[in-house]
There are 2 protein chains.
Amino acid sequence: MQIPNYKDIDLAHKRIMPFINRTPVLKSRNINQTTGANLYFKCENFQRVGAFKYRGATNAIQKLTDDNARNGVVTHSSGNHAQALALAASVRGIPAYIVMPENSPKSKIEAVKSYSGKITFCEPTLEARETNAQIIIDRTAATMIHPYDNADIIAGQGTAAKELIWEIGNLDIVVAPVGGGGLLSGTAISTKSITPETIVYAAEPEMANDAQLSFRSKTLIPSNYPNTIADGLRTSLSELTLSIILQYVDDILTAKEESIIKAMYMIWQRMKIIVEPSAAVPLAVITENPNLFEGKSVGIILSGGNIDLDKLPF
Amino acid sequence: MQIPNYKDIDLAHKRIMPFINRTPVLKSRNINQTTGANLYFKCENFQRVGAFKYRGATNAIQKLTDDNARNGVVTHSSGNHAQALALAASVRGIPAYIVMPENSPKSKIEAVKSYSGKITFCEPTLEARETNAQIIIDRTAATMIHPYDNADIIAGQGTAAKELIWEIGNLDIVVAPVGGGGLLSGTAISTKSITPETIVYAAEPEMANDAQLSFRSKTLIPSNYPNTIADGLRTSLSELTLSIILQYVDDILTAKEESIIKAMYMIWQRMKIIVEPSAAVPLAVITENPNLFEGKSVGIILSGGNIDLDKLPF
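No experiment lies behind these values; they were computed from the predicted model shown.

Draft legend 1. Main features of helix α13 (residues 277–288) of chain A. Residue and element names in this part refer to chain A. The end-to-end C-alpha distance of α13 is 16 Å, a good match for the 16 Å that twelve residues give at a rise of 1.5 Å each. The buried fraction of α13 is high, at ten of twelve residues. Of all the positions in α13, only Pro277, Ser278, Ala279, Ala280, Val281, Pro282, Leu283, Ala284, Val285 and Ile286 are classed as buried.

The structure is reproduced here in structure tokens:
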């Protein structure tokens, strides 16, 4: 698969502009005082479906030819990508087939249904997911849209950092969380293309440091779906995202679980916005590594805000 | 005391502009679908100190002559007004003496301290508060700044609705919560001055319906500090705010406690922003009275976002 470049991100941006929210960039005097850095939060928790995933899903779906689009799209996911794909498909008026593990949280099932996604339940194993997705493809000729191992998805995710940098200007550092690496890949390509001197860091839970290990060993080391609270970051890189990250990212930093919870609490309490644990990992990394960030202007991709309000860690 | 007019609000706005946050106006497709109305949320939860109170406090403090300012300001409050006054005083470089009941929540005490407020603790009775405030005034010649029975405070609070209407244009209805009536008074004066045909409703917890009773009987009926979850709305109107409300407000509508909690949950979940229970009362009123709001464009003052994240009602 070809690595997308900044031109792809620019085209993706034009393609998705009519459909996405232009999300705000927020600042917090309080958090700046606490961290000693000058932080700019790109609020993808305010994106449609509550996460940046809507950018990539919309790009992949709007780019389909009419002939391909007619047959619909398919993915296996229980997270924000499933909701994003369902809504983006519904906006284009085509079916979205979502394969979900039968033990998915009820709130996520309801969300996919509310966006008119056609759900197939399966056993909670990767094999069952892939088998069920293949059965749907054989039956419907729907197009598989992987949550991150897909150049169109990556190009779409890269539009968030593009908006951030065009709005704020030159930043010393940009930090994005890393799970499968789609957001990080798009963020890094955008950042290094617009302002090559900006440092790009990835933020990862220490409990799920497979991306850091892969980055440092330059070989793909899959995660074992670790039970980090940052549930959006449990997946592994793909060969595609690893190759982009090796080319464009300066380093991958990790944060402890308690720092992630503290950072999430800080964002909720000081900024009055709701972010999911995965979105708090960049701030957690900053609080754990003050020497890298003090006095710097730092852009942070707040990846999403989908969290079960009945089950908070504080 | 003289009733402030729109000119006072306009002057207040010029006075406080360098100090306040210009808060955003947010919309939610989801909540519009649920309510059938077209809602515009003026996000004073993003105001400094997390509440609209910073507008009034800044106006009152910035308006003091240098001679008066030097002696500082005093209030008795355990809520957002105390924090707002402390910060606004600190910005002007003058002392703020805050009389707080000794049983105030620790989080509120810490917040006032963090804004350099000088706290005097007292017994948790109105008499003790007033006595202690008077002792401070006698000793320091500080200026008493009442949280709402004060024309400068009211003029400052009115700037939120002014910004909302100038940004969005003609609205069919504007809704603000009512406790002591400072925000409501300022909102109503702004709204009826800029767009006289706009209906102004107040939103009040049914458990704390003293403003509704006062409005309908045209006499001040004090509250008995009812234990509504909307803790910012437990206070009573003053003669000043009642007279403004009788002149400018179309009606006062109430909401049940469970509707307030549901509305707060809806705002958190769908809009990804944190509002305190008092701020959710307008949406609660809208969900209880769909016939009044369906098909209408409605401005809502989201009054604040200060809530103890460890003690949520859901």
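Continuing now.
Draft legend 2. Expanded view of the interface of chain A and chain B. Facing the 19 residues of chain A at the interface are 19 residues of chain B. Around 1700 Å² of area is buried between chain A and chain B when both sides are counted, 57% of it from carbon and sulfur atoms. Interface area lost by chain A to chain B is led by Arg29, Lys272 and Leu309 of chain A, which between them contribute 37%. The tally of links from chain A across to chain B stands at zero salt bridges. Scanning the region where chain A abuts chain B turns up nine residue pairs in polar contact (both at pLDDT 80 or more).

Draft legend 3. Expanded view of the packing of helix α1 (residues 6–16) of chain B against helix α8 (residues 151–168) of chain B. Residue and element names in this part refer to chain B. One way to put it is that α1 packs onto α8 with a least axis distance of 8 Å and a crossing angle of 90 degrees. On the basis of the axis angle, α1 is roughly perpendicular to α8. On α8, the residues that touch Tyr6, Asp8, Ile9, Asp10, Ala12, His13 and Ile16 of α1 are Ala155, Gly156, Gly158, Thr159, Lys162, Glu163 and Trp166. Class assignment for the residues of the contact of α1 with α8 results in six nonpolar, four polar and four charged.

Draft legend 4. Just the pairing of strand β2 (residues 38–43) of chain A, in detail. Residue and element names in this part refer to chain A. Of all six residues in β2, five are buried, a share of seventy percent or more. Summarising the sheet, strand β1 (residues 25–26) and β2 pair through two bridges and their orientation is antiparallel. Pairing of leucine 26 across the sheet is with phenylalanine 41, part of β2. Bridge count for β2 against strand β10 (residues 297–302) is six bridges, and the pairing is parallel. If you follow lysine 42 over to β10, its bridge partner there is isoleucine 301.

Draft legend 5. Inspection of the state of the cysteines at higher detail. This model, assessed by the stated rule, comprises zero disulfides over all chains. Lacking any disulfide linkage, cysteine 43 of chain B is separated from the closest cysteine sulfur, that of cysteine 43 of chain A, by 12 Å. Since its relative accessible area comes to 0%, cysteine 43 of chain B is described here as buried.

Draft legend 6. Representation of the sheet that holds strand β1 (residues 25–26) of chain B in the model. Residue and element names in this part refer to chain B. The strand order across the open sheet formed by six strands is β1-β2-β10-β7-β8-β9, and the pairing between neighbours is mixed. Both edges of this open sheet fall to β1 and β9 (251–255), since each of them pairs with a single strand only. Contacts from α8 reach β1, β2 (38–43) and β10 (297–302), with the element oriented near 135 degrees to β2.

Draft legend 7. Molecular detail of the nonpolar core. Within the largest apolar cluster, 78 residues are counted, with the highest numbers of intra-cluster contacts made by Trp268, Ile273 and Phe293 of chain A together with Trp268, Ile273 and Phe293 of chain B. Setting aside residues no more than four positions away along its own chain, isoleucine 273 of chain A makes contact with Leu26, Cys43, Asn45, Phe46, Ile267, Trp268 and Leu302 of chain A together with Phe46, Lys272, Ile273 and Ile274 of chain B.

Draft legend 8. View of the packing of aromatic side chains. Within this structure, the stated rule accounts for seven aromatic pairs over all chains. Here the aromatic rings of tryptophan 268 of chain A and phenylalanine 314 of chain A are separated by 5.4 Å at their centres, their planes lie at 85 degrees, and the arrangement is edge-to-face. One end of the pair, tryptophan 268 of chain A, is in helix α12 (residues 257–271); the other, phenylalanine 314 of chain A, is in the segment after β10, with 46 residues separating them in the sequence. For tryptophan 268 of chain A, a relative accessible area of 0% corresponds to the buried category. Among the residues examined, phenylalanine 314 of chain A registers a relative accessible area of 23% and is labelled partly exposed. Centre to centre, the rings of tyrosine 201 of chain B and phenylalanine 293 of chain B are 5.7 Å apart; their planes meet at 70 degrees, and the pair counts as edge-to-face. With tyrosine 201 of chain B in strand β8 (residues 199–205) and phenylalanine 293 of chain B in helix α14 (residues 290–293), this pair connects stretches of sequence that are 92 residues apart. The pair tyrosine 201 of chain B / phenylalanine 293 of chain B is uniform in exposure class, with both members buried. Site record: aromatic cluster; members linked through ring pairs are Tyr265, Trp268 and Phe314 of chain A together with Tyr265, Trp268 and Phe314 of chain B.

Draft legend 9. View of the pairing of strand β3 (residues 73–76) of chain A. Residues and elements named next belong to chain A. Where burial is concerned, the two faces of β3 agree: the one with Val73 and Thr75 and the one with Val74 and His76 are both buried. Across four bridges, the pairing between β3 and strand β4 (residues 96–101) is parallel. Across the sheet, residue histidine 76 finds its bridge partner in β4, namely valine 99. Following the backbone out of β3, through helix α5 (residues 80–92) and into the adjacent parallel β4, one traces a crossover that is right-handed. Relative to strand β6 (residues 143–144), β3 runs parallel, the two being bridged by two bridges. Bridge pairing links valine 74 to methionine 144 in β6.

Draft legend 10. View of the pattern of salt bridges. One pass over the full model with this rule turns up 28 salt bridges over all chains. Ionic pairing is found between aspartate 66 of chain B and arginine 92 of chain B, a salt bridge with its closest N-O pair at 2.6 Å. Remark: arginine 92 of chain B occurs in helix α5 (residues 80–92) and aspartate 66 of chain B occurs in helix α4 (residues 66–70); sequence separation between them is 26 residues. You can call aspartate 66 of chain B exposed: its relative accessible area is 54%. Among the charged side chains, a salt-bridge network with shared partners connects Lys42, Glu44, Arg55 and Glu163 of chain A.

Draft legend 11. Structural context of the sheet that holds β3 of chain A. Read from one edge to the other, the open sheet built from four strands follows the order β5-β4-β3-β6 (chain A), with strand pairing classed as parallel. Whereas interior strands pair on both sides, the edge strands pair on one side only; in this sheet they are β5 (118–122) and β6 of chain A.

Draft legend 12. Spotlight on the relation of the copies chain A and chain B. Expressed as a screw transformation, the operator carrying chain A onto chain B has a rotation angle of 180 degrees and an axial translation of 0.0 Å, and the superposed copies differ by an RMSD of 0.0 Å. On this basis, the relationship between the two copies can be described by a two-fold rotation axis. The rotation axis passes nearest to the C-alpha of isoleucine 273 of chain A in chain A, at a distance of 2.1 Å. Taken together, the interface assignments show that 100% of the residues at the interface of chain A recur at the interface of chain B, consistent with an identical surface on both copies.

Draft legend 13. Region of the structure containing the environment of leucine 253 of chain A. All names here are of chain A. Relative to the elements of secondary structure, leucine 253 occurs in strand β9 (residues 251–255). Given a relative accessible area of 9%, leucine 253 falls into the buried group. Considering only alpha carbons, one finds leucine 253 and lysine 296, 43 residues apart in sequence, at a separation of 17 Å. Apart from the residues lying within four places of it in its own chain, the contact partners of leucine 253 are Tyr201, Ala202, Ala203, Glu204, Gln212, Val285, Leu292 and Phe293.

Draft legend 14. Structural detail: the side chain of threonine 195 of chain A. Residues and elements named next belong to chain A. For threonine 195, the position within the fold is in the loop between α9 (182–194) and β8 (199–205). When its relative accessible area of 9% is taken as the criterion, threonine 195 is described as buried. There is a polar contact of 2.7 Å between the side chain of threonine 195 and the side chain of threonine 198. Residue contacts for threonine 195: discarding those within four places in its chain leaves Ile165 and Asn170.

Basis of the calculations
Residues numbered from 1 in each chain as written. Chains lettered and ligands numbered in written order. Predicted model: local features only at pLDDT ≥ 70, side-chain atom pairs only at ≥ 80, totals over all residues. Heavy atoms only, no water. Helix = DSSP H or I, 4+ residues; strand = E, 2+ residues; numbered from the N terminus. Expected span 1.5 Å × (residues − 1). Buried < 20%, exposed > 50% of the residue type's maximum accessible area, 1.4 Å probe, protein only. Contact = heavy atoms within 4.5 Å. Buried area = accessible area lost by both parts, 1.4 Å probe. Salt bridge = Lys/Arg side-chain N within 4 Å of Asp/Glu carboxyl O. Polar contact = N/O pair within 3.5 Å; in protein donor to acceptor, adjacent residues only side chain to side chain. Axes fitted to C-alpha atoms, helices over the stretch in contact; angles between N-to-C directions. Parallel < 35°, antiparallel > 145°, perpendicular 65-115°, else oblique. Nonpolar A, V, L, I, M, F, W, Y, C, P; charged D, E, K, R; others polar. Pairing = 2+ DSSP bridges. Disulfide = S-S within 2.5 Å. Core = buried A, V, L, I, M, F, W, Y, C linked by side-chain atoms within 4.5 Å. Phe/Tyr/Trp six-rings, centres within 6.5 Å; stacked < 30°, edge-to-face > 60°. Right-handed = clockwise from strand over helix to strand, strands pointing away. Least-squares fit on C-alpha atoms with pLDDT ≥ 70 in both.

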